[in-house]
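Now for the letters of each chain:
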Amino acid sequence: MSARTHSRPLSPTRRDVDIRLPWWALALPTIAFVALLLLMLNPTDAQAASGDPMIAHLLERARELVTR
């Protein structure tokens, strides 16, 4: 007498995976991005060390392109 073998179902069972992010997982990076963008658009509010004027010129051009 042979042992019964269990066959696999024809279609795999579908498992609904429910992945939810907490509210702060999207809010905090968004707030940080907006804050850094505002600092870049208005560099007079930022207190950075004096640097290469080329970088300041590049940031000014980027601000002009974004605000158009």
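Predicted model, so just to flag it, every value in this text is computed and none were measured.

> Where do I start with the overall build of the chain in this structure?
On a plain count of helices and strands, the chain comes out with 2 helices and 0 strands. For the chain, the accessible area works out to roughly 7300 Å², and carbon and sulfur atoms hold 63% of it.

> Would you take a moment to explain a nonpolar patch on the surface for this structure?
Taken together, the side chains of W23, W24, L28 and I31 present a nonpolar region at the surface, about 530 Å² in accessible area. Relative to the helices and strands, W24 is located in helix α1 (residues 23-41). Residue W24 is classed as partly exposed on the basis of its relative accessible area of 46%.

> Even after reading the chapter, I still don't get the environment of R63, so can you show me in this structure?
In this structure, R63 sits in helix α2 (residues 53-67). The exposure class of R63 is partly exposed, given its relative accessible area of 25%. The spacing of R63 and L38 is 25 residues in sequence and 10.0 Å in space, taken between C-alpha atoms. A distance of 2.4 Å separates polar atoms of two side chains, one belonging to R63 and the other to E60.

> I'm lost on the pattern of salt bridges in this one. Help?
Between side chains of opposite charge, a pair can form as their charged atoms come close. Taken as a whole, this structure holds 2 salt bridges when the rule is applied. Measuring nitrogen to oxygen at the nearest pair gives 2.4 Å for the salt bridge that ties E60 to R63. Taken as a pair, E60 and R63 lie in helix α2 at a separation of 3 residues, close to a single helical turn.

> Hey, could you run me through the environment of L59 in this one?
In this structure, L59 sits in helix α2. Remark: the alpha-carbon pair of L59 and L41, spanning 18 residues in sequence, is separated by 8.1 Å.

Quick notes on the rules
Residues numbered from 1 in each chain as written. Predicted model: local features only at pLDDT ≥ 70, side-chain atom pairs only at ≥ 80, totals over all residues. Heavy atoms only, no water. Helix = DSSP H or I, 4+ residues; strand = E, 2+ residues; numbered from the N terminus. Areas by Shrake-Rupley, 256 points an atom, 1.4 Å probe, with all protein chains shown as cover. Patch = residues over 30% accessible without salt bridge, like charges linked within 9 Å, V, L, I, M, F, W, Y side chains within 5 Å. Salt bridge = Lys/Arg side-chain N within 4 Å of Asp/Glu carboxyl O. Buried < 20%, exposed > 50% of the residue type's maximum accessible area, 1.4 Å probe, protein only. Polar contact = N/O pair within 3.5 Å; in protein donor to acceptor, adjacent residues only side chain to side chain.

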